[in-house]
Amino acid sequence: MVEWMYEKLMLLFTLLLAFFAPITLIVYMIVFVVVLDCFTAIIKQWAGYNYKHKGFRRCFERWSIIRSRGLKRTVLKLILYVLFIMAIYGAEIAVFNSSVYITNFVAFLIIFTELVSIAENIDLTFKTTKFTVLVRRVRKLFEDKLLDRITMDKDKYDDKINNKGGQDYDNH
C-alpha cells in the first residue's frame with residue numbers, strides 16, 4: 001500500500017514538473033528579483049539606521065533591524081507570485097491549448113514591479129533618484145513596444161479577415 005502511494009505521488013510530481021517546465025525560467029527570474037529586493041531593503045535599512053552603541057555591540061545592533069515580519073512578508077510574496085504565475089499558465093493552457101504570452105506579460109509586470117522596488121531601495125540608500133527614473137523609463141519603453149506589437153498583430157489579423165493584405169479569393 002505504501003509503495004503504491006509512493007509511486008502515485010512520484011508520478012503526480014513528475015507530471016506537474018513536466019507541465020510547468022516551460023515556465024521554470026520565469027519562476028527563477030521572479031525568485032531572483034524578490035530575493036534581490038529583500039537584500040536591497042535590508043541594506044537600505046542599514047544605511048538609514050542611527051546607531052546607539054559603538055564598537056562590538058554595534059555589529060549586533062545592525063542585525064536587530066531585520067524583523068521576522070518583513071522576511072515573512074517576503075516569503076509570502078514570493079510564494080504568491082509563483083503560485084499566481086503557475087495558475088495563469090495552467091489557465092492559459094486549459095483555455096487556449098497553448099501559451100499565448102499572457103503568462104509572460106504577467107511575469108513582466110511582476111518583475112518590473114520588483115525592479116522598481118529595488119531601484120527605490122538603491123535610491124534611498126544613496127540619496128538619489130537616477131535608478132528609479134531609469135527603471136521606469138525602461139518599463140515605459142517595453143510597455144509601448146508591447147502595445148505597438150499588439151495593435152500591429154490586430155491590424156494583420158483584420159487585414160486577413162477583410163482580404164486587404166492578401167489575394168482576393170472572390171474574383172478568380
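Model, not experiment: these values are computed from the prediction. Within any chain, residue numbers begin from 1 and follow the written order of that chain's sequence. Confidence filtering applies because this is a predicted model: local features only for residues at pLDDT of at least 70, side-chain atom pairs given and counted only at 80 or more, and all residues used for totals across whole chains, interfaces and linings. The side-chain values count all of the structure's non-hydrogen atoms but skip hydrogen atoms and water molecules.

Q: Help me understand the packing of aromatic side chains, please; the structure alone is not making it clear to me.
A: The description of an aromatic ring pair uses the distance of the two centres, along with the angle that the planes make with each other. Centres within 6.5 Å make a pair out of two Phe, Tyr or Trp rings, where for Trp the six-membered ring is used; the pair is then stacked when the planes are under 30 degrees apart, edge-to-face when over 60, and tilted otherwise. Under the counting rule described, the total for this entry stands at five aromatic pairs. Judged by centre distance (6.2 Å) and plane angle (50°), the rings of Phe-20 and Tyr-89 are tilted. Of this pair, Phe-20 sits in the loop between α1 (2-19) and α2 (24-47) while Tyr-89 sits in helix α4 (residues 68-96); the two residues are 69 residues apart in sequence, bridging distant segments of the chain. The residues Phe-20 and Tyr-89 share a single accessibility class, namely buried. Three or more aromatic residues link up through ring pairs in this structure, and these residues are Phe-19, Phe-20 and Tyr-89. Put simply, DSSP marks the helices as runs of H or I at least four residues long and the strands as runs of E at least two long, and each gets a number from the N terminus on. Think of it in three bands: with a 1.4 Å probe and only protein chains considered, a residue is buried below 20% of the maximum accessible area for its type, exposed above 50%, and partly exposed in between.

Q: Is there a simple way to explain the pattern of salt bridges in this structure?
A: Between side chains of opposite charge, a pair can form when the charged atoms approach closely. Here, a salt bridge means any side-chain nitrogen of Lys or Arg that lies within 4 Å of a carboxyl oxygen of Asp or Glu. Counted by the stated rule, this structure contains four salt bridges. Put simply, Glu-114 and Lys-77 hold a salt bridge, and the shortest N to O gap is 3.3 Å. Placement of the pair is Glu-114 in helix α5 (residues 102-126) and Lys-77 in helix α4, with a sequence separation of 37 residues. On the basis of relative accessible area, Lys-77 is assigned to the partly exposed category, the value being 24%. One salt bridge in this structure joins Lys-140 and Asp-144, with 3.5 Å as the shortest N-O distance. Separated by four residues within a single helix, Lys-140 and Asp-144 lie in helix α6 (residues 130-162), roughly one turn from each other. Overall, Asp-144 belongs to the partly exposed group, its relative accessible area being 34%. A cluster of three or more residues bridged by salt bridges with shared partners is formed by Asp-37, Lys-77 and Glu-114.

Q: How do you make sense of the nonpolar core when you look at a structure like this?
A: The criterion is simple. A nonpolar core is a set of buried Ala, Val, Leu, Ile, Met, Phe, Trp, Tyr and Cys residues joined through side-chain atoms within 4.5 Å. Judged by nonpolar contacts, the single largest core of 18 residues is most densely connected at Ile-23, Ile-26, Ile-30, Ile-85 and Ile-110. Elements represented by at least two residues in this core include exactly α2, α4 and α5. Of all the elements, α4 adds the most residues to this core, at seven residues. Among residues more than four places away in sequence, those in contact with Ile-23 are Ile-85, Met-86, Tyr-89 and Thr-103. Phe-108, Phe-112, Ala-119 and Val-135 belong to the second largest nonpolar core, which has five residues in total. The contact rule is simple, with two residues in contact once any of their heavy atoms fall within 4.5 Å.

Q: Quick question: what am I supposed to make of the environment of Val-116 here?
A: Relative to the assigned elements, Val-116 resides in helix α5. On the accessibility criterion, Val-116 (10% relative accessible area) is buried. C-alpha of Val-116 to C-alpha of Arg-139: the two residues are 23 residues apart in sequence and 9.1 Å apart in space. When near neighbours in sequence (up to four residues on either side) are disregarded, Val-116 contacts Val-135, Arg-136 and Arg-139.

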